[in-house]
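Listed here are the chains, written in short residue letters.
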Amino acid sequence: FRRSVRDVLKPEHNDHYLLRWLRARQWNPEAAEKMLRDSVVWREKWGIDTTLDTWKAPEALEKHFPSGTTGFDKEGSPVIIVPFVGLDVWGLLHSVTRTDVIRMILRHLEHYLASARKQSLVHGPNALKVTVLFDLEGFNIRQYAWKPAAEMVFTLLQIYEANYPEILKTCFIVNAPKVFSLAFSVIKKFMHEYTISKIKIYGTDERKWQAAVLEMIDREQLPAHYGGTLVDENGDPRCSLMVKPGGKVPKSYYSKNAPSEQSKEYKRVTVKTGEKHSIDLLCMEEESVLKWEFGVDSHDIKFLIKRKDEEGNESVVHGPRKVAEGPVDIGFLPVTGPATYSVIFDNKSAYLRNKKVFYDVLISVPERDLNMSDEPEDTLETTQTSGSTESAQL
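Residues numbered from 1 in each chain as written. Predicted model: local features only at pLDDT ≥ 70, side-chain atom pairs only at ≥ 80, totals over all residues. Heavy atoms only, no water.

K.L.:
Lay out the overall build of the protein chain in plain terms, naming residues and giving numbers.
P.N.:
Helix and strand content of the protein chain: twelve helices and 14 strands. In terms of C-alpha radius of gyration, the protein chain reaches 24 Å, essentially the compact-globule figure of 21 Å for 394 residues. Counting only C-alpha atoms, the protein chain reaches 75 × 50 × 45 Å along its principal axes. In the protein chain, which comprises 394 residues, the proportion classed as buried is 47%. Approximately 20,900 Å² of the protein chain is accessible, and the part contributed by carbon and sulfur atoms is 51%. Looking at the protein chain, you have 53 positive and 56 negative side-chain charges, and the mean spots of the two groups are 4 Å apart. (Helix = DSSP H or I, 4+ residues; strand = E, 2+ residues; numbered from the N terminus. Rg over C-alpha atoms; globule rule 2.2 N^0.38 Å. Buried < 20%, exposed > 50% of the residue type's maximum accessible area, 1.4 Å probe, protein only. Areas by Shrake-Rupley, 256 points an atom, 1.4 Å probe, with all protein chains shown as cover. Lys, Arg positive; Asp, Glu negative; His and termini not counted. Charge placed at Lys NZ, Arg CZ, Asp CG, Glu CD.)

This is the structure:
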């Protein structure tokens, strides 16, 4: 394998680097070579080894992108901390381009990997991977039901899996609300089994996840907020000077060219007492997603989803659960076909009140219905800018 790809290798590409690509392709050297060569082309397009390090991020992104590090794990690997509550996807994508956000994430990742390579010179090959802590406190699935946000997430997953195989040691996802399991059941379809095996998801019981985190990271390398002993020079237990908290992007940064969302037109129905309303959706593809948004004007209604296959076998695949008036209920469910899925609003147990429900439900195939190109949208502009800079220097 080394001989076959020697024309694209760099001095730092040791055996551990080569093994990442072989493992990612189940030890098939031809497939691993194609994956590596495709990645080399991808890195050139994004200027990963040339212009990325000197790229100037837009101010909104520099100020409001949450991420940072406070140290290393017990094997010397960089620890990346992402406070999700500060990730205003709506605000960022109304202020900068998707390419800007992706480029920012790639630059952070490349810096962490460069740090890991330095660490490995002292701590050995176990330091070559990264340990990640995602804090999902305040996670809002509504932001990610927005199409531009979903497109960016899936694009990032595709970029990661195609170009950064086997760099993850462990990913702790903590303070995960119940609704996150629905989102994760969809996004993990875009992830390699190796990546999924490294992800540990915890709820809000900090005793459980702090114990797991501290098995890998010494207290003095971890912010006090997460069970460590570190505070920054301001005494902040979250170490906000080292781990940027992000935050809501002011509307003054919003761009006129930002993606617009048309006001959603919900379908409305009155479900009479003792009755139910069913919406049947035909699913023909294997890797599909059923997405719903609905609300009830007053009181509550029972919500469930059933699946019926070609042989007529029927099963409940979500719910039943009661949904009360209040915020719109948003969710995703991985679905497979051929089958019919029935989204049901059940008012059979109510004897006094009709229920007014508004909803929007659909089945889609993310890879077909979303724009998930891994090409930078400003390639031509970047090339022209780079050429002008070189001319000025000459």
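K.L.:
Which residues make up the sheet that holds strand β13 (residues 339-346), and what values do they have?
P.N.:
Read across the sheet, four strands follow the order β8-β13-β10-β11 without closing on themselves; strand pairing throughout is antiparallel. Strand pairing shows two members of the sheet lacking a second neighbour, β8 (276-283) and β11 (314-324), which therefore form its edges. With strand direction ignored, the average angle separating the axes of adjacent strands in the sheet is 15°. Two elements, β8 and β13, share eight bridges in a ladder whose sense is antiparallel. Bridge pairing in β13 places Asp 280 opposite Ser 342. (Pairing = 2+ DSSP bridges. Axes fitted to C-alpha atoms, helices over the stretch in contact; angles between N-to-C directions.)

K.L.:
Any chance you could break down helix α10 (residues 206-216) for me, citing the residues and the numbers?
P.N.:
Listed in full, the buried residues belonging to α10 are Trp 209, Gln 210, Ala 212, Val 213 and Leu 214. Turning to α10, the residues buried within the fold contact β3 (130-135) and β4 (168-174). Among the residues of α10, the N-terminal cap falls to Asp 205, whose side-chain oxygen and the backbone nitrogen of Arg 207 are separated by 3.1 Å. (Contact = heavy atoms within 4.5 Å. Polar contact = N/O pair within 3.5 Å; in protein donor to acceptor, adjacent residues only side chain to side chain.)

K.L.:
Got a sec to walk through the nonpolar core? Specific residues and values, please.
P.N.:
One finds Leu 61, Leu 106, Phe 154 and Tyr 164 to be the most contacted residues of the largest nonpolar core, which totals 60 residues. With eight residues, helix α7 (residues 147-163) is the largest single contributor of residues to this core. Structurally, this core is a two-domain feature, drawing no fewer than three residues from each of domain 2 (66-253) and domain 3 (267-364). Dropping the residues within four chain positions of it, Leu 106 is found in contact with Trp 42, Trp 46, Ile 48, Leu 52, Ile 159 and Tyr 164. Listed in part, the 23 residues of the second largest apolar core include Cys 283, Val 296, Phe 303 and Leu 333. (Core = buried A, V, L, I, M, F, W, Y, C linked by side-chain atoms within 4.5 Å. Domains from an automatic or database assignment.)

What is shown is where atoms sit, not what they do.
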